[in-house]
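Structural overview
Listed below are the residues making up each chain.
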Amino acid sequence: TTQRCLPRLHIHTIRAPTATFNTIPPNIFSYFPPQPALYNTAFTFTSHRRNYLRRRSPRRHKASLLRFRHFCSPKEEDSDSIVRMTSILGIDHYIVGIFLASLLGFLLLFSLLRPKRKKDRCSSAGFQSDFVRNSHDGEVRPDQRPDTDVIIVGAGVAGAALAFTLGKDGRRVHVIERDLSEPDRIVGEFLQPGGYLKLIELGLEDCLANIDAQRLLGYGIFKDGKHIKLSYPLEKFHADVAGRSFHNGRFIQRMREKAASLPNVKLEQGTVKSLIEENGIVKGVQYKTKDGEEVKAYASLTVVCDGCFSNLRRSLCSPMIDVPSHFVGLVLENCQLPFSNHGHVILADPSPILFYPISSTEVRCLVDVQGQKLPSIANGEMAKYLKTVVAPQVPPEIYDAFVAAVDKGNIRTMPNRSMPATPQPTPGALLMGDAFNMRHPLTGGGMTVALSDIVLLRDLLRPLKDLNNTVSLCKYLESFYTLRKPMASTINTLAGALYKVFCASPDEAHEEMRNACFDYLSLGGEFSNGPIALLSGLNPRPLSLVVHFFSVAVYGVGRLLLPFPSLKRLWLGARLLMGAAGIIFPIIKAEGVRQMFFPATVPAYYRALRVR
C-alpha cells in the first residue's frame with residue numbers, strides 16, 4: 001500500500017490541512033528519510049478528504065474509497081519509479097545545499113574584502129552638529145578657519161543675486177568679478193514671470209525699478225502671414241506679476257549695488273586664475289587684482305558662476321557644450337511692435353527671429369543664424385543676408401525700422417550654447433548659472449533657472465550655522481542637483497525642443513510638425529495656456545511638458561489622416577511621430593530620466609529633508 005501511495009503524495013502537498021494523522025505505517029519514512037512531514041501531511045489530506053465525503057455524500061465516498069484501494073494496491077513495476085524519485089530528491093537536496101553554501105560564502109567574502117566606507121554624517125540624526133565638530137576629513141579647525149564664508153566667482157545675474165541673498169542671511173561673502181563696469185550684452189534681457197516670482201522671493205524686485213524695464217504679458221507668434229496672440233496665465237497671481245525685459249547691463253549694475261550695500265559683502269574686481277585645492281578639497285581661489293597683484297583668498301565654500309565662457313568649470317564638471325547657432329543682434333529704435341507688451345517670435349526660414357522691447361524706445365531683434373560660420377560683418381555679407389533673407393519675413397509694421405537698424409551698422413553676434421548639467425560634486429565648491437547649465441536662449445529661460453537655483457541654495461544653507469565641514473557639506477549639497485531638476489529640466493527641454501521644431505526643414509514630416517505646433521497653439525484654452533505656463537516657468541512639471549509635446553505630434557498625425565487616410569499620409573504620420581521622439585528623447589536623456597521624472601528615487605533627494 002505504501003509503495004502505490006507514494007506517487008500520489010506530491011499532488012496534495014500545497015494546500016494540505018494541518019490536522020495530525022496518527023495511523024501512518026511506521027515503515028513509510030524508510031523510503032525518504034529527509035522529509036517525514038511531507039508524507040504525514042499528504043496522508044492527513046487524504047484522510048480528511050475521505051471523512052468529508054463520508055459525511056456529505058456516502059455514494060461518492062464509496063467510489064473514492066474504491067479508487068483509493070485500487071490505486072494503493074501493490075505492483076512490481078512501481079518499485080523502479082520509487083527508486084528514481086528517491087535519487088532525484090536526494091540530488092535536489094545536494095544542489096540546494098551547495099547553492100546556499102556558495103551564497104553565504106560569497107556574502108562573507110564580500111563583507112570582508114570590500115573597503116570600509118566612512119560614516120555618512122548626512123544620514124545621522126544630528127547632522128547639523130557635524131558641521132561644527134572637529135574632524136580630520138576636510139573640516140577646518142577653529143584656528144584655521146578663513147575670514148570668509150563664501151567666495152563667489154563672477155558678479156553677473158547669478159553671482160550678484162547670490163551675493164545679496166547669502167549676505168542678507170548673515171554670511172560673509174567675497175565676490176570677485178573680472179570687470180565691474182556695466183556689461184553690454186545682447187542676451188540676458190528677458191525675464192519670464194516665473195523668474196520674476198523668484199526675484200520677489202529673493203527681495204530683488206526693486207532692481208527692475210528706474211531702468212526703464214518693460215512689462216511683458218505674453219507672446220505673438222507669426223508664420224506665413226498668420227499670427228496668434230498668447231497671454232501668460234497670470235489670473236492666480238498678483239497684478240504686478242508679469243514678464244520683464246530690459247537692458248542686461250542696467251539690471252546687473254543695480255543688483256551689484258544692492259549686494260555691495262551690505263556690510264558683510266565685499267565686491268572686488270579681479271581675474272580668478274585657478275581654484276586652490278588641497279587633498280581634493282577646494283579651499284579658495286587664486287586671482288589677480290585690478291592692480292596686477294597675485295592674491296589667494298580662502299573660504300569654506302567657493303561658488304563658481306562666471307558665465308558661459310567659464311574657465312573654471314572643467315575643474316568641477318564634465319562639460320558637453322553644443323553650439324547649434326548664433327544670434328545676430330540689432331536694436332530697433334522708435335518703432336511699435338504689432339502687439340504691445342508682448343514678445344514676438346517669427347517662424348522664419350531657415351530659423352526663428354525674436355523681437356521684444358528693452359526700453360520705452362528700443363526693441364531688441366535677435367536673428368538666429370544656424371551653423372558655426374557666420375556671414376562676415378566687416379565685408380558687408382551679414383548686412384546683405386539680413387536685408388535679402390530676413391527682412392522680407394519681418395512683420396510690415398517694423399520692416400522700415402529693421403532695415404534702418406541694419407544700415408546703422410551696429411550688428412553684434414553671440415553664440416547660442418547649450419550644456420546639460422553634469423555635476424561632479426567637489427568638497428568646497430559649487431557651480432551655478434551659465435557656468436553650470438545652459439540652454440538655447442530662444443525661450444529666454446536662463447535667468448529664471450539661475451534665480452530658481454539661488455532660492456533653492458539659500459533654503460538649503462539656511463539651517464546650517466557653520467560651513468566649515470566641507471566633506472559633509474558636499475554630501476549634503478548633492479541634494480541641490482536633484483531638487484533643481486523640475487524647474488531646470490522643464491525649461492531646458494522645452495527650449496531645445498521648441499528650437500528644433502521652429503526651425504524650417506526640407507523634410508516634409510518636420511514641416512508638418514512645425515505647422516501642427518502653430519495650429520495647436522491657435523486652438524486656445526489649455527492647448528495654449530499649458531505650453532505658455534511651461535515656457536514662463538509657472539508650471540515646472542516635466543511630465544506636463546512631455547504630454548503637450550506629444551499632443552502636438554498626435555494632433556499633427558490626426559490632421560494628416562482626416563478626412564481620408566492614405567498610405568502616403570500614414571507613412572508621413574509615422575515619420576512625424578518618430579521625428580518628435582527623435583527631438584525630445586535625446587534632450588530628456590541628457591537631462592537625466594531618473595532625476596527628471598523620478599527625483600524621489602535618488603538617495604540625495606532626502607538629505608535636505610533630514611536637516612529641515
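The model shown is predicted, which means the values in this text are computed figures rather than measured ones.

A few words on the packing of aromatic side chains. Evaluated as defined, the whole model comprises 11 aromatic pairs. With a centroid separation of 5.8 Å and an interplanar angle of 10 degrees, the aromatic rings of Phe-190 and Tyr-219 are classed as stacked. Of this pair, Phe-190 sits in strand β3 (residues 190-191) while Tyr-219 sits in strand β5 (residues 218-223), placing them 29 residues apart in sequence. Here the aromatic rings of Phe-222 and Phe-339 are separated by 5.9 Å at their centres, their planes lie at 35 degrees, and the arrangement is tilted.

Take the sheet that holds strand β7 (residues 243-245) next. Taken together, the 3 strands give an open sheet; going across it, the order is β3-β7-β4, and neighbouring strands pair in antiparallel fashion. Sheet topology places β3 and β4 (214-216) at the edges, where each strand pairs with a single neighbour. Strand direction decides the pairing type here: β3 and β7, joined by 2 bridges, are antiparallel. Within the sheet, the bridge partner assigned to Leu-191 lies in β7 and is Arg-244.

This brings us to the layout of surface pockets. Of the voids in this model, the second largest pocket is the one considered here, and its volume is about 400 Å³. Lining the second largest pocket are 18 residues, with Asp-322, Ser-418, Gly-496, Lys-500 and Ile-587 positioned closest to its centre. Those elements that provide at least two residues to the lining of the second largest pocket are β11 (322-333), α12 (485-502) and α16 (567-591). The greatest single-element share of the lining of the second largest pocket, amounting to 5 residues, is contributed by α12. Two domains share the lining of the second largest pocket, each providing at least three of its residues, namely domain 1 (150-211 + 246-321 + 422-468) and domain 3 (485-598).

A separate point is the confidence of the model for the protein. With 75% of its residues at a pLDDT of at least 70, the protein reaches an overall mean of 83. A low-confidence stretch, residues 1-46 (pLDDT under 50), is modelled with 58 contacts involving residues beyond four sequence positions or located in other chains. In the predicted structure, residues 68-79 sits below a pLDDT of 50 and forms 14 contacts with residues beyond four places in sequence or in another chain.

Attention now goes to the packing of helix α14 (residues 526-535) against helix α15 (residues 542-561). Following both chains from N to C, one finds α14 and α15 inclined at 135 degrees, their axes separated by 10 Å at the closest point. Classified by the interaxial angle, the pair formed by α14 and α15 is oblique. Every pair of crossing elements has a handedness; the one defined by α14 and α15 is left-handed. The segment α14 lies against α15, with Glu-526, Gly-530, Pro-531 and Leu-534 engaging Ser-544, Leu-545 and His-548. Among the residues making up the contact of α14 with α15, the classes are represented as 3 nonpolar, 3 polar and 1 charged.

Before going further, it helps to examine the nonpolar core. Within the largest apolar cluster, 68 residues are counted, with the highest numbers of intra-cluster contacts made by Ile-152, Phe-251, Val-285, Met-432, Leu-461 and Phe-480. By residue number, the principal contributor to this core is helix α10 (residues 446-461), which donates 9 residues. When sequence neighbours within four positions are dropped, the list of residues in contact with Ile-152 reads Gly-159, Leu-162, Ala-163, Val-173, His-174, Val-175, Ile-176, Val-303 and Cys-305. Counting residues in each nonpolar core, the second largest holds 57 residues, with Tyr-219, Phe-327, Tyr-356 and Leu-521 among its members.

Here the focus is helix α7 (residues 248-260). For α7, with 13 residues, the first-to-last C-alpha span of 18 Å sits near the 18 Å given by 1.5 Å per residue. In this fold, the buried residues of α7 make contact with α5 (157-168), β2 (173-177), α6 (193-202), β8 (265-278) and α10.

Per the UniProt record, "transmembrane region" (unreviewed entry) is annotated on residues 94-113 and 570-588. Annotated as residues 570-588, this span is 100% helix and 0% strand, and its ends, taken at the C-alpha atoms, are 27 Å apart.

Summary: where empty space remains is shown by rolling a probe the size of a single water molecule over the atoms. Inspection of every chain in the model, using the stated rule, returns 6 cavities of 30 Å³ or more. Here the largest cavity is characterised by a volume of approximately 340 Å³. Of all elements in the fold, only β5, α12, α13 (508-522), α14 and α15 reach the threshold of two or more residues within the lining of the largest cavity. Here the element with the most residues in the lining of the largest cavity is α12; it accounts for 5 residues. Looking at side-chain class alone, the lining of the largest cavity contains 21 nonpolar, 2 polar and no charged residues.

Turning our attention to the state of the cysteines. Should the sulfur atoms of two cysteines be covalently bonded, the bond is a disulfide. Applying the stated criterion across every chain, the model contains 0 disulfides. This cysteine, Cys-365, is not joined by any disulfide, and Cys-335 carries the nearest cysteine sulfur, 9.6 Å off.

Where charged atoms from two side chains of opposite charge come close, those side chains can pair. Enumeration over the complete set of coordinates arrives at 20 salt bridges. With a shortest N-O distance of 2.7 Å, Asp-206 and Lys-258 are connected by a salt bridge. In this pair, Asp-206 is assigned in the loop between α6 and β4 and Lys-258 in helix α7, connecting sequence segments 52 residues apart. A residue is classified by how much of its surface remains accessible, and Asp-206, at 34% relative accessible area, is partly exposed. For Lys-258, a relative accessible area of 19% puts it in the buried group. Between Glu-511 and Arg-514 there is a salt bridge, with the nearest N and O atoms lying 3.4 Å from each other. Highlighted residues: Glu-511 and Arg-514, both in helix α13, separated by 3 residues, approximately one helical turn.

On to the side chain of Ser-351. On the secondary structure map, Ser-351 appears in the loop between β12 (343-346) and β13 (353-357). Take Ser-351: its relative accessible area is 3%, and that puts it in the buried class. Here Asp-368 takes part through its backbone oxygen, which lies 2.5 Å from a polar atom of the side chain of Ser-351.

Turning our attention to the environment of His-344. Among the structural elements, His-344 can be located in strand β12. Residue classification places His-344 among the buried residues on the basis of a relative accessible area of 2%. Sequence spacing of His-344 and Tyr-219 is 125 residues, and the spatial spacing of their C-alpha atoms is 5.6 Å. Ignoring any residue separated from it by four or fewer positions in sequence, one finds His-344 in contact with Gly-220, Phe-222, Leu-337, Pro-338, Phe-339, Ile-353, Leu-354 and Phe-355. In this structure the side chain of His-344 is engaged in a polar contact, spanning 3.0 Å, whose partner is the backbone oxygen of His-342.

Below, the discussion takes up helix α8 (residues 381-390). All of the buried residues along α8 are Met-382, Tyr-385, Leu-386 and Val-390. Viewed end-on, α8 has its buried residues packed into an arc of 95 degrees, placing them on one side of the element. Residues of α8 that are exposed and point more than 90 degrees away from the buried face comprise Lys-384 and Thr-388. In this structure, the buried residues of α8 make contact with β11, β13, β14 (362-370) and α9 (399-408).

Taken in spatial order, the 7 strands make up an open sheet running β6-β5-β12-β13-β14-β11-β15, and their pairing is mixed. The outermost strands of the open sheet, each flanked by one partner alone, are β6 (226-231) and β15 (412-418). Geometrically, the sheet is characterised by an average inter-axis angle of 20 degrees between neighbouring strands, direction not taken into account. Bridging between β11 and β14 involves 9 bridges; their strand directions are antiparallel. Bridge assignment links Glu-333 to a residue of β14, and that residue is Glu-362. The strands that α14 touches are β5 and β6; relative to β6, the one it contacts most, it runs at about 65 degrees.

What counts and what doesn't
- Numbering of residues starts from 1 in each chain and follows the order in which that chain's sequence is written.
- Only residues with pLDDT of at least 70 get local features here, since the model is predicted, and only at 80 or more are side-chain atom pairs given and counted; chain-wide, interface and lining totals rely on the full set of residues.
- As a rule here, side-chain values cover all heavy atoms of the structure and leave hydrogens and water aside.
- Side-chain rings of Phe, Tyr and Trp (the six-membered ring for Trp) are treated as a pair once their centres are within 6.5 Å; stacked means planes under 30 degrees apart, edge-to-face means over 60, and tilted covers the remaining angles.
- Secondary structure elements are taken from DSSP: a helix is a run of H or I of four residues or more, a strand is a run of E of two residues or more, and numbering for both begins at the N terminus.
- Between any two strands, pairing holds if DSSP finds at least two bridges.
- Grid points spaced at 1 Å over the protein atoms alone were grouped into cavities, where a 1.4 Å probe fits but cannot get out, and pockets, open sets with protein on both sides within 12 Å along at least five of seven lines, with lining residues defined by an atom within 4 Å of a point.
- Grid points are joined across faces, edges and corners, and a volume is the space filled by probe spheres set on the points.
- What marks off one domain from the next here is an automatic or database domain assignment.
- As a per-residue measure, pLDDT tells how confident the predictor is, with possible values from 0 to 100.
- Any pair of residues with heavy atoms lying within 4.5 Å of one another is described as a contacting pair.
- Only the stretch in contact is used when a helix axis is fitted, and all axes are lines through C-alpha atoms; the angle between N-to-C directions ranges over 0 to 180 degrees.
- Throughout this description, any angle smaller than 35 degrees is read as roughly parallel, any larger than 145 degrees as roughly antiparallel, any in the 65 to 115 degree range as roughly perpendicular, and the remainder as oblique.
- Crossings are assigned a handedness: left-handed for a near helix turned anticlockwise from the far helix by less than a right angle, right-handed for a clockwise turn.
- Under the convention adopted here, Pro, Cys and the residues Ala, Val, Leu, Ile, Met, Phe, Trp and Tyr are nonpolar, Asp, Glu, Lys and Arg are charged, and Gly plus all remaining residues are polar.
- As used here, the term nonpolar core means buried Ala, Val, Leu, Ile, Met, Phe, Trp, Tyr and Cys residues forming a set that is joined through side-chain atoms within 4.5 Å.
- Residue exposure (1.4 Å probe, protein chains only): buried if accessible area is under 20% of the type maximum, exposed if over 50%, otherwise partly exposed.
- Here the expected span of a helix is defined as 1.5 Å times the quantity of residues minus one.
- UniProt positions are given in the numbering used here, feature names are shortened, and annotations may be inferred rather than shown by experiment.
- Cysteine sulfur atoms that pair up within 2.5 Å are treated as a disulfide.
- Every case where a carboxyl oxygen of Asp or Glu lies within 4 Å of a side-chain nitrogen of Lys or Arg is listed as a salt bridge.
- Here a polar contact is recorded for every N or O atom pair within 3.5 Å, except that within protein the pair must consist of a potential hydrogen donor and a potential acceptor, and residues adjacent in sequence are included only if both atoms are side-chain atoms.
- In this description, one arc is meant: the one made by directions from the helix axis to the C-beta atoms.

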